[in-house]
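# Structural characterization, general
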Amino acid sequence: MDKFDISRFECKPTKELAKEYLDLKEAGTVQTSVCESSAQGGIALWFLIKNVKPVDIYCYLNARFGAPNGMQNLFKNQHSDNLFHWHYTLHYENKTIDIMCTNYRIEVMHAFKFLDHQYALDSFLSDIKQDFMNYKKEISQFRSTLEKWSLFANPFYHNKSMIEYQVSALEALELDSCPAEGKVRPENKDVFEELSARYVQATSLAFGIRMLAPVYAESFVNTLIFLLADSDVRKDQRLYENIVRQNIDIRIKQLHRNCSGFTHPIDYNNVDSCKKLHSLFNKRNDLLHGNIDPKKSVYDICYFQENTPIFAEFKDMFTQMHTASLSISSPEQALEDYQTVQDFIAYVLICLDEPTDQIVRQFLDTQNPGWNEKTGRAGVLFPKHFVDGFGVTDVPIFESR
């Protein structure tokens, strides 16, 4: 046998398949498991991954045979978290061909012997693509019933992930805000250099956290507007863009007016977490633009008589090297900025009603949500974990080329 003649494929209802299976099992002529059939050398597994669009195959099968009829459909959860998303069982020469779709491939499982499985697989896929034209109208009609979702990167999730990584790395260094004065001697070169490198790393991480903290907070506010904007705002693109371009404090104060789901307004001027956030945003421009203001950057005092320095107090070499950078981005300052944003987020979330709060939290915790352009709706399409697996082991596996 060289290849399948796909025109001879037949599709029976699920109830009929189940009855056939039970009848064969009662007669003792059916394999008790796929693994048993595999052990007898009767199973081959084809993977359709390359040169194929899963949506095209699914639309073709549905247009030609109707809804999926395979037994795996009976075990599906009523959401997207499944090992197999759809399953067709087709009949060919009194045997079955199972076509199942997972997250990462379409699996074709059968017990047919071919002289060249790779040739048979490539022909199978090529013949199906050619057969598309025979069902062009039906495929088009069925495809029009599908919802189209675009997956996009969630800015808040990625900002949160980056700042949490930096916070964890900074805390893992276990450094004080000030160098170990008098304890690190320059003659102990290895210790001096090792601790110096750690302080450089600490100040780099701290500066990154301080730079990212305002972005983290702003992405949270913009996510709320994106998710909860009133229908009038959603319908008017210019109005929506005007809202998200307002100063951050105005955006926050207006959340309860422009968005649904708030039980009470944000008390921006009186709540401590909002006051601290406001201060954080006021400092953002100096950090972002590298503004120079000696009054804001003082970390020591020194006097001069002509060319003679008169020190206010002595510091060791290690402290002198690192005090300036730590005054700008100390670990304590960075962690305080991070906590300021965390406290602000926690406060805003308690201003939401319970159903809205649950929706927002789920979205914030989603790396790649979806967007339905037709309905203007965002959604969490997949679980956080990844699912993959094989129902059959120790069988010949061939992949489309």
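Now for a description of the structure that goes with this document. What you see is a predicted model, and the numbers here were worked out from it, not measured in a lab.

## Some remarks on the environment of Ile49
- Of note, Ile49 is situated in the loop between strand S2 (44–48) and helix H3 (54–65).
- Setting aside residues no more than four positions away along its own chain, Ile49 makes contact with Tyr104, Arg105, Glu399 and Ser400.

## A word on helix H15 (residues 354–364)
- Among all positions in H15, only Thr356, Asp357, Val360, Phe363 and Leu364 are buried. Viewed along the axis of H15, the buried residues span an arc of 135°, placing them on a single side of the element. Exposed and oriented more than 90 degrees from the buried face of H15 are Glu354, Pro355 and Ile359.

## Description of the packing of aromatic side chains
- Enumeration over the complete set of coordinates arrives at 24 aromatic pairs.
- Relative to Phe112, the ring of Tyr92 lies with its centre 5.6 Å away and its plane at 70°, an arrangement referred to as edge-to-face. Of this pair, Tyr92 sits in strand S3 (residues 86–92) while Phe112 sits in the loop between strand S5 (106–110) and helix H4 (117–131), and the two are 20 residues apart along the sequence. Per residue, the accessibility class of Tyr92 equals that of Phe112, and both read buried.
- A connected cluster of aromatic rings, assembled from ring pairs, spans Phe4, Phe9, Trp46, Tyr92, Phe112, Phe114 and Phe124.
- The cationic tip of Lys95 hangs over the ring face of Phe112; the distance from NZ or CZ to the ring centre is 5.3 Å.

How each quantity is defined
Residues numbered from 1 in each chain as written. Predicted model: local features only at pLDDT ≥ 70, side-chain atom pairs only at ≥ 80, totals over all residues. Heavy atoms only, no water. Helix = DSSP H or I, 4+ residues; strand = E, 2+ residues; numbered from the N terminus. Contact = heavy atoms within 4.5 Å. Buried < 20%, exposed > 50% of the residue type's maximum accessible area, 1.4 Å probe, protein only. Arc of directions from axis to C-beta. Phe/Tyr/Trp six-rings, centres within 6.5 Å; stacked < 30°, edge-to-face > 60°. Lys NZ or Arg CZ within 6 Å of the ring centre and 35° of its normal.

These values are about where atoms sit, not about what they do.
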